[in-house]
Structures are given as structure tokens and as C-alpha cells.
There are 2 protein chains.
Amino acid sequence: MRRGTNLPAVGTFNQTVVLDVIRRTPEGISRADLATATGLSSQTLSNVSRRLLDDGLIEEAGTYIQGRGKPPTLLRLIPTSRFAVGVHLDPAVVTYVLLDLGGEVVAHSRSVTPPPADPGAVVDGMAEAIDALLAESGVDRDAVLGIGIASPGPIDAERGLVLDPPLLEGWRDVPLRDALAAATGLPVLLEKDVNAAAVAELWVGDEQLRDFAFFYLGTGIGIGLVLDREVLRGSTGNAGEGGTLVVRREGLPRVRRSEQLGHLATPQYLVEQAVDEGVVQAQDASFDALLALARAHDEGALRVLHRAGGFIGSSLVSLVNLLDVDEIVFGGPYWRRIEPFVFDVIRAEVAGSPDRVTHHEVRLAPAAAGEDVAAIGAASLVLDATLSPRPSSLLISG
Amino acid sequence: MRRGTNLPAVGTFNQTVVLDVIRRTPEGISRADLATATGLSSQTLSNVSRRLLDDGLIEEAGTYIQGRGKPPTLLRLIPTSRFAVGVHLDPAVVTYVLLDLGGEVVAHSRSVTPPPADPGAVVDGMAEAIDALLAESGVDRDAVLGIGIASPGPIDAERGLVLDPPLLEGWRDVPLRDALAAATGLPVLLEKDVNAAAVAELWVGDEQLRDFAFFYLGTGIGIGLVLDREVLRGSTGNAGEGGTLVVRREGLPRVRRSEQLGHLATPQYLVEQAVDEGVVQAQDASFDALLALARAHDEGALRVLHRAGGFIGSSLVSLVNLLDVDEIVFGGPYWRRIEPFVFDVIRAEVAGSPDRVTHHEVRLAPAAAGEDVAAIGAASLVLDATLSPRPSSLLISG
């Protein structure tokens, strides 16, 4: 059903627009500059900023001299007025971060991912870790807007379940969202890891970024898509699965079990390839060992990593052709370690592949957040859900 | 820069929302039912419908009895109040349609695609064909909102150029949009063929469709994406290129020049495969001959077509994983002819592939428009640009 819009919806939308502009101007901004930035009238701005001041989200931050007349008052975000918790559930480790409204990480911690046999214990462990994080940072629980969880897919976004991620052995239909909400008394959001990471880029990355793909290298490979600053979640919240893209096997010395990107370019399989090709001995094989060899200019290790860069690059060429993205951001837990050995190869492939349909520049950039990107993204989700302006929120709800 | 919204923007948006609801209720709709459907107040609806009546887009269409009291007046679209022309430039044939505001094809014609050596002659030919179409149908030029052109990609959407489509030999940087506008005196929009076809589905297809992929089988293969009833055009208007997706070659008896979907499953290459495999003799080889053999249950012809269905299906599985779409619409100039031989194979692959990450149902459906879908889509573009409600249009322009 098509819905129109009305004044209350417009008021809420304008409030988030104004807050967003203030948030991105840490030194403070005058009401006149806000009017220029948002196109809103001074009367509307006056009402909106009154509400934000009353809610304690912003403060008046002194004045500055500008020509003659009364110097304008600046409005400035109070970054510590609200917080959000981010949890990244990875097959090996759970990462926790506490993010303030300004996008700064105030505290973080890690713990080993518990065995899933007892989901109750998993949730209790998370709740305890979150309590410890808040206690350590001295943040008032009332100032915490909520908790975001980044999980490997597939998830059931509607029911808040972690379904059966192939790399999270033994997990099956775990009601993580509601159980953690019950255990902590805080609202909880559940998101696929790659899409949480893309949200992090929106909150802590370059504010000019509007449309981009996010290449996520974790235990698996994700490719998220952000359009007009909204993450494409898909019909069930499971968009972003990049691991099943098929790539040409060119250069692989023997037939592997699949031609899927996820089976050719993730850390576990790179180590397998290195063993197969005699680059490392099976008993010493690890991703760190492979990277150490590459740093020592070992030809075999570089060959394995460069080839992975080629696989990643050619799958991104398909993506550029299909979706005509002109910006790709790279991140995830393993990205920074592999970046020195693959980024140039990926760049060359995307720029020069004969398979490209258009030839305009595609900008490639590492993500602003590092290893903790998915946890930061999970916390950003909460800020984003509460505080981001979205034209779609203007529509009168059915 | 973030932009707020204001009353003039809201007024225009609400007008398109109301027109859209009226358009989709051919029998007419009362102001009370419009209020229910749109959530707008009766005062707002009264103003909006006054403007639509003044513009001659709708009419009051009598009353109906409903309980006691004054019977409500119905508002109804005047389908013949506005028209749009659609042109589909295909490597072999140019198709023209005249569409009314209700989405009905009022007139259509075809001509052989002229050689591109003289772009001026191409444009003159198009202008003449459009004049003939209007004359034949007796439609007043003033009632024509504009012309849409659907072209193979790549295009330069910003400058209105047809760049160098691989299947349109000899075309290079042809300024089709502006030249046709100059020749006809009408506004012209240029769109990639697959994306125009997706717009057709929005205008003449099921109105419940909000998010879907459009699989387009023309001389090449396109895969368009529609999100919340807006076509994803990408950064340069070239999204939708499906031909360079890589698929596994399973079942192909000899190595072909590529593993790209566009080189394995389009009509020209299916005919090549049939010749290679001795299904048809080279001198009799044509797509129609291959389909005729398949209709006669020829095993070899069915093998070639079923295999193509498998290639298409497995590339759609990658797409479902990546974008989590739950609806795929199939169309394009060659779709209806190939459909009986590939649709079940595609359906089985999408439903049962071990590569699927989630297992929710993905609905597959043929497009509402037939062979002329791209031309109808091109005309729909004009209606869509003029008359579709978009939340993004609510933002105050910079």
C-alpha cells in the first residue's frame, strides 16, 4: 500500500537530520549554518534544537565572533550522552565494544567463543561480559541505547535467530536476540557480520560515502552493499553472502573441491593451498606462518596470496558489472593482515580486466575501522536505528 | 549533505501518491477510501484531488450507494489524458510503442535497426517512426509526456550517450538522447534495456511487487535489480550486466571460449553449441531451428537448452545468496520462446541447489509484458519519472 506523509513524521525526520549534521561537526555548528546545511527554516531549526537540548543529546557550546552583531551560539554533540554495545560473534572469538554517540570506542574486550551445546550459557557469558564492560568504563546503564550483535549468516532477522552458519559448528536456530535482551534488559538488534561492518563504515568512515560495496574477509567472505547510506539487507536479512560466487580457477595447479570464492580465498583454504603446493609443511601450517613467509618474500607464499587477490578481483569485476558500484571498501578481521599482498592485485584486476563493461574509475579503499569492525558495526547499528535520518521513515506507517 | 523536508516537497509527493492509488483502481475510488489507502487527511486529499482534476489527469466518475447518507463521488484516472513513447533499440530491430497513462499499449511498430555509420540518419529514422506512430493513433503531440529509449549498455546516463555496446557493432558514443530530443521537440530519457524492462514490470505487472531481480534474455543477458519499487541504476546507469557472471561449465562437452553466462546461455551461443554437438547442421543453424527440434522432443536440442537452464539457475543462486532477493521475474525478447525448455530446470536449481545459503522460498515468475517489454519499459520510464511517488523526492533539493 502506498502511504503519504504528515507533520509528525516530518518532525521526527527533521530531528534526526539535524542531529546527524551536528554529530558530524564536532567543533559545533551555528543555527544559521544548520539552516544552510539542511535547508530547514530557522523556526523549524529552533524547535528541533530545543528538543535535542531537552533530551540532553546536544549542548550550547559558546559563541564565535563573525562580523558585527550578536555572535551566534554553537550547538555541539554531547558524545557521552548515549552509548551502544556491539558484540561480534565469530567462530573463534567474541568481541565486545562500547561506542559513544560520537562513534568513539570507549571500551572493548574479547573472549573465546563458547561451545554452543548450551545456548543458555552462551547468552549468560555475553551478559556478564557486557556488565563487565559497562562497569569498567563507568557508564550508566540508562545511557545505553541497546546492544547490537554481528553474527555469521544465515540468520532469521525477523525472529532474531542465528540459524546454521557453516563455520559456527553446532549452532542451530539459537534465539540469540531475545535471550540476550531478556538477560540484559536492553533492546537487542541482530545483524549479519558483513552488513554490520558496512554500517560501521557509515558511522566511523568518510561521511561522503553514500553508495559502496563492502568486501569483508573474516572466517568466511561477505560482500555487503550500501545504497544511499542504507545497507541492503535483503528479504530475510541475509544479503551479503559473497562466498558462493564462482570464479575461474586459472593458475590453480590442481582441481580443488570447488570454484567458489569462499573455498579459494579465505584464510583456511589459503593455508590448504600452501600445504598442497609445498610452501609450508602441514605440521607448521597456519595463516600467520603463510603471512610470515610472504613478508620474507617467499615466492610460493606470494604466489598463493597473489592468486587469491586475482580471485577476489575477478569476482569484484562481476559485482561492478552487475551493480555498477564505483566504490569498494575492504575490511573484516583478516583484511589488514592480507592487504599488503593482495590489494595491488585486486586493484589491477578491477581497473584493467577485459571483462569490465564500463571503464570509469572504481575507487578501492580500506575500511576506517580495523579488526573490530564488525563489533563496532554492531554497536553502530543501534545508533543507526535510533538516530539516522531515513526518507523511508517519513511514510505514515500502515 | 543531509537535507530536511518541507511543505512544498510534501505536497508534490502526496499528489503522486494519490495519483498512483487512483491509477491502480481503474473502477474509481472514493475520497474516503483514498484516505484509508494513503493515511492522508480529508483536507489534504481534497486539495490534492482538486489539483489532479484541474490538470485533467482524473475525473469524477459518478457515485455508488453505500448505506445511508450522501453517496460518495468516485475519482477515476483518465488514461488517455497523457501518453509516453517507448523506443527499444536492439541490435536487430527497433521497436516503438505508444503507452497511455493507464499502461495500455495504444500503438506499436517495428523497423530494422539502421547501420550506425550515420547517427543522424538513425535519429531521423526514429523521429519519423514516432511521428507515424502518433499520426496513426490520432494522439495529440501535446499530450505526450516524452520519449524513453531502451538501449543495450554500456551507456553514459549523464550525457545521454550510447557508448560501445558489444552487440551493436559500429556504435560508439552516439548522443542518442539529445539528438532525438532535438529532432522531436520532446523530452527524452535513455535507459539500459534490462532496467527499462524492470520498470515495465513495475508499471504493468503485479502491484504487490516491491523488491525483485529481473532476468532479461535479449541478444545479451541482463540481470536488473528493483528495490522498494526503484530500479538500481548504479553509479553510471550501467547496473544490470549479467553476462559476465562466471558459471561452472559442468556438462559442457568441450572447452568453450569462456565460462561467462553471456557466452554460454544466449541464443547465438546456444546455436553454436548445438552445431558443435551435431544437433543441427551448420547450414541450417538458427535459434528457431533449435527450438523447433526441442519442441519435437529432440534429445540433443533438449540437452543444450536444459544445460543453459542450469547455467542460468546457478548464476541466480549466486545472486540470491548475494542480494537475498525472494522474487525473480523473467522476460526480454527471447524469454517466452525459451521458457518452456528452461524454466523448470531454473526452478529446480534455485530451490534445491546445495549452494543456497538460506532455504526460504524464492518466487519465480514470467514478466507481465511480452516481447515488447523493453519498449514498454522505456515508455513507462517517462510515466515513472513524471508520476511515481518516491520518498527521496521529499528531500529539499540542494
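The coordinates are above.
Everything quoted here is computed from the prediction, not taken from an experiment.

Things to note about the overall build of chain A
At step 1: For chain A, the count of helices and strands is 12 helices and 15 strands.
At step 2: A total of 398 residues make up chain A; the buried ones form 58% of that total.
At step 3: Long-range contacts, defined here as pairs at least 24 residues apart, represent 62% of the contacts in chain A between residues at least 6 apart.
At step 4: Element-wise, carbon and sulfur atoms account for 50% of the exposed surface of chain A, whose accessible area totals about 16000 Å².

Regarding the pattern of salt bridges
At step 1: In the structure shown here, the tally under the stated rule is 36 salt bridges over all chains.
At step 2: For Glu277 of chain B, the salt bridge goes to Arg303 of chain B, with nearest N and O atoms at 3.1 Å. Of this pair, Glu277 of chain B sits in the loop between helix 8 (267-276) and helix 9 (287-295) while Arg303 of chain B sits in helix 10 (residues 299-323); the two residues are 26 residues apart in sequence, bridging distant segments of the chain.
At step 3: One connected set of salt bridges, linked through shared partners, spans Asp20, Arg23 and Arg24 of chain A.

Remarks on the pairing of strand 12 (residues 221-227) of chain A
Residue and element names in this part refer to chain A.
At step 1: For strand 12, a buried count of 7 out of 7 residues is recorded, marking the element as mostly surrounded by other parts of the structure.
At step 2: The alternating pattern of strand 12 places Ile221, Ile223, Leu225 and Leu227 and Gly222, Gly224 and Val226 on opposite faces, both of which are buried.
At step 3: For strand 11 (residues 212-217) and strand 12, the ladder comprises 6 bridges, and the chain directions are antiparallel. By the bridge assignment, Ala213 is partnered in strand 12 with Leu225.
At step 4: Counted along the chain from strand 11 to the antiparallel partner strand 12, the turn is 3 residues long.
At step 5: The pairing of strand 12 with strand 13 (residues 230-231) spans 2 bridges and is antiparallel. Following the sheet pairing, Val226 is matched in strand 13 by Val231.
At step 6: A loop of 2 residues connects strand 12 with strand 13, the two strands running antiparallel in sequence, and Asp228 in this loop sits at a positive phi of about 50°.

Thoughts on the sheet that holds strand 14 (residues 327-331) of chain A
At step 1: Ordered by their spatial adjacency, 5 strands build an open sheet running 13-12-11-14-15 (chain A), and the pairing between neighbours is mixed. Of all strands in the sheet, those bounded by a partner on one side alone are strand 13 and strand 15 (363-366) of chain A.

Observations concerning the environment of Pro340 of chain B
Residue and element names in this part refer to chain B.
At step 1: Relative to the helices and strands, Pro340 resides in helix 11 (residues 335-352).
At step 2: The exposure class assigned to Pro340 is exposed, which follows from its relative accessible area of 59%.
At step 3: Between the C-alpha atoms of Pro340 and Leu305, which are 35 residues apart in sequence, the distance is 9.8 Å.

Let's talk about unusual backbone geometry
At step 1: The peptide bond linking Gly153 of chain A to Pro154 of chain A adopts the cis configuration, its omega dihedral lying at 0°.
At step 2: Mapped onto the elements, Pro154 of chain A comes out in the loop between strand 7 (144-151) and strand 8 (155-156).
At step 3: Even without being glycine, Asp173 of chain B reaches a positive phi, approximately 55°.
At step 4: As for its placement among the helices and strands, Asp173 of chain B is situated in the loop between strand 9 (161-162) and helix 5 (176-184).
At step 5: Taking relative accessible area as the criterion, Asp173 of chain B reaches 42% and is therefore assigned partly exposed.
At step 6: Unlike most non-glycine residues, His297 of chain B shows phi in positive territory, near 65°.

Thoughts on helix 5 (residues 176-184) of chain A
Residues and elements named next belong to chain A.
At step 1: Inspection of helix 5 places Leu176, Arg177, Leu180 and Thr184 among the buried residues, and these make up the whole buried set. For helix 5, the angular spread of the buried residues around the axis is 95°, confining them to a single face.
At step 2: Check the buried side of helix 5 and you find it contacts strand 4 (83-89), helix 4 (119-137), strand 7, strand 9 (161-162) and strand 10 (188-192).
At step 3: Of the residues one or two after helix 5, Gly185 is the one with positive phi, at around 75°.

A word on the sheet that holds strand 13 (residues 230-231) of chain B
All names here are of chain B.
At step 1: Here 5 strands make up an open sheet; going across it, the order is 13-12-11-14-15 and the pairing mixed. Only two strands of the sheet have a single partner each, and these edge strands are strand 13 and strand 15 (363-366).
At step 2: Relative to strand 14 (residues 327-331), strand 11 (residues 212-217) runs parallel, the two being bridged by 4 bridges. Across the sheet, residue Tyr216 finds its bridge partner in strand 14, namely Gly331.
At step 3: Strand contacts of helix 6 (residues 193-204): strand 11, strand 12 (221-227), strand 13 and strand 14, with the helix running at about 125° to strand 11, the strand carrying the most contacts.

So, the environment of Arg141 of chain A
Residue and element names in this part refer to chain A.
At step 1: Among the structural elements, Arg141 can be located in the loop between helix 4 and strand 7.
At step 2: Residue classification places Arg141 among the partly exposed positions, given a relative accessible area of 32%.
At step 3: C-alpha separation for the pair Arg141 and Gly185, spaced 44 residues apart in sequence, amounts to 9.9 Å.
At step 4: Excluding anything up to four places from it in sequence, Arg141 contacts Asp131, Leu134, Thr184 and Leu186.
At step 5: At a separation of 2.9 Å, a polar atom in the side chain of Arg141 contacts the side chain of Asp131.

Focus on the side chain of Asp156 of chain A
Residue and element names in this part refer to chain A.
At step 1: Along the chain, the position of Asp156 falls in strand 8.
At step 2: On the accessibility criterion, Asp156 (17% relative accessible area) is buried.
At step 3: Reaching out from Asp156, the side chain makes a polar contact with the backbone nitrogen of Arg159 at a distance of 3.0 Å.
At step 4: Excluding anything up to four places from it in sequence, Asp156 contacts Leu161 and Leu163.

Focus: the packing of helix 9 (residues 287-295) of chain A against helix 11 (residues 335-352) of chain A
All names here are of chain A.
At step 1: Closest axis-to-axis distance for the helix 9/helix 11 pair is 11 Å, and the angle between their directions is 40°. If you check the angle between helix 9 and helix 11, you find them oblique. The handedness of the crossing between helix 9 and helix 11 comes out as left-handed. Mapping the contact onto sequence places Phe287, Asp288, Leu291, Ala294 and Arg295 in helix 9 and Arg337, Ile338 and Phe341 in helix 11.
At step 2: Grouping the amino acids of the contact of helix 9 with helix 11 by side-chain chemistry returns 5 nonpolar, no polar and 3 charged.

Looking at the packing of aromatic side chains
At step 1: For the coordinates displayed, the defined rule picks out 12 aromatic pairs over all chains.
At step 2: Ring centres of Phe215 of chain A and Phe330 of chain A lie 5.7 Å apart, and the angle between their planes is 45°; this geometry places the pair in the tilted category. Residue Phe215 of chain A is found in strand 11, and its partner Phe330 of chain A is found in strand 14; the two are separated by 115 residues along the sequence.
At step 3: We classify Phe330 of chain A as buried; its relative accessible area is 0%.
At step 4: Members of the aromatic cluster, connected to one another through ring pairs, are Phe215, Phe330, Trp335 and Phe343 of chain A.
At step 5: Just above the ring of Phe343 of chain B sits the side chain of Arg347 of chain B; from NZ or CZ to the centre is 4.8 Å.

Cut-offs used in this document
Numbers given for residues are sequential positions, taken from 1 along each chain in its written order. Both sets of labels track the order of writing: A upward for chains, 1 upward for ligands. Two thresholds apply to this predicted model, a pLDDT of at least 70 for residue-level local features and 80 or more for giving and counting side-chain atom pairs, whereas whole-chain, interface and lining totals are computed over all residues. The basis for the side-chain values is all heavy atoms of the structure; hydrogens and waters are excluded. Working definition: helices are DSSP H or I runs of at least four residues, strands are E runs of at least two. Numbering for both runs from the N terminus. For each residue, the accessible area found with a 1.4 Å probe, counting protein chains only, is set against the maximum for its type, and the residue is called buried under 20%, exposed over 50%, and partly exposed in between. Every residue pair with non-hydrogen atoms within 4.5 Å of one another is taken to be in contact. Note on areas: Shrake-Rupley, 1.4 Å probe, and residue coverage restricted to the protein chains presented here. A pair is scored as a salt bridge if a Lys or Arg side-chain nitrogen falls within 4 Å of a carboxyl oxygen belonging to Asp or Glu. Here the rule is simple: two strands pair whenever DSSP picks up at least two bridges between them. This arc is built from the directions going out from the helix axis to the C-beta atoms. To obtain an axis, a line is fitted to C-alpha atoms, over the contacting stretch when the element is a helix, and the angle between two such axes runs from 0 to 180 degrees between their N-to-C directions. The definition of a polar contact used here is a pair of N or O atoms within 3.5 Å, where within protein one atom must be able to donate a hydrogen and the other to accept one, and adjacent residues in sequence count solely through side-chain atom pairs. Reported orientations rely on four angle classes, namely roughly parallel under 35 degrees, roughly antiparallel over 145, roughly perpendicular from 65 to 115, and oblique for the rest. Handedness of each helix crossing follows the sense of rotation of the near helix against the far helix: counterclockwise by less than a right angle gives left-handed, clockwise gives right-handed. For this scheme, ten residues count as nonpolar: Ala, Val, Leu, Ile, Met, Phe, Trp, Tyr, Cys and Pro. Four count as charged, namely Asp, Glu, Lys and Arg, and the remainder, Gly too, count as polar. The rule is short: rings of Phe, Tyr and Trp, with Trp giving its six-membered ring, pair when the centres are within 6.5 Å, and they are stacked under 30 degrees, edge-to-face over 60, tilted in between. Only Lys NZ and Arg CZ are tested; either one counts as a charge over a ring when it is within 6 Å of the ring centre and within 35 degrees of the ring normal.

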